[in-house]
Amino acid sequence: MTDRLHNTANQVIGGAKQSIGEAIGNPTLAGEGAAQKTQGEIAQKAADAKTHAEGVGHSIQGNIQSAVGSAVGNPTLQAKGAANQALGNVERNV
């Protein structure tokens, strides 16, 4: 989660620098701010993609655990499978 906070901070701080630079006529500050904001946005997209991929993995793992647990009559494994499926659904929708 700290990456998400860091990325959001870069977006906000970069946007503020850009706005201030534009307001006071400082193109260097505006450019640095725009670059920082864009860097934060790109890093956030990468973090989102990673989380989504992890969610797909958890969903698949959960499906397998549930199926195996059901086949062998193991309610604990079925419960773990349901938990992983739920985790995967949350991660994919972040």
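Residues numbered from 1 in each chain as written. Predicted model: local features only at pLDDT ≥ 70, side-chain atom pairs only at ≥ 80, totals over all residues. Heavy atoms only, no water.

Basically, it comes down to this: UniProt positions are given in the numbering used here, feature names are shortened, and annotations may be inferred rather than shown by experiment.
The chain has the name CsbD-like domain-containing protein in an unreviewed UniProt entry, where Linnemannia exigua is given as its organism. What UniProt states about the chain under its Sequence similarities (unreviewed entry) heading is, verbatim, "Belongs to the UPF0337 (CsbD) family."

**With respect to the UniProt feature "domain: CsbD-like" (unreviewed entry) in the chain**
As a reminder, the rule being used: In this description a helix means any DSSP run of H or I spanning at least four residues, a strand means any run of E spanning at least two, and both kinds are numbered starting from the N terminus.
If you check UniProt for "domain: CsbD-like" (unreviewed entry), the listed places come out as residues 3-54 in our numbering. For residues 3-54, the helix share is 96%, the strand share is 0%, and the end-to-end C-alpha distance is 16 Å.

**Focus on helix 1 (residues 2-24)**
Selection criterion: Here, expected helix span is obtained from the residue count minus one, scaled by 1.5 Å. Exposure is judged per residue with a 1.4 Å probe applied to protein chains only, and the accessible area is read against the type maximum: over 50% gives exposed, under 20% gives buried, and values in between give partly exposed. Contacts are assigned to residue pairs that have any heavy atoms within 4.5 Å of one another.
Spanning 23 residues, helix 1 covers 32 Å between terminal C-alpha atoms, matching the ideal 33 Å at 1.5 Å per step. Taken together, the buried positions of helix 1 are R4, N7, N10, G14, G15 and G21. At its buried positions, helix 1 is contacted by helix 2 (27-72). At the C-terminal side of helix 1, G25 shows a positive phi close to 75 degrees.

**Some thoughts on the side chain of S66**
Tracing the sequence through the fold places S66 in helix 2. Apart from residues lying up to four places away in sequence, S66 is in contact with L77, Q78, G81, A82 and Q85.

**Comments concerning the environment of G31**
As for its position among the elements, G31 is in helix 2. Given the relative accessible area of 37%, G31 is considered partly exposed. Taking C-alpha positions, G31 is 6.5 Å from Q18, a pair spaced 13 residues apart along the chain.

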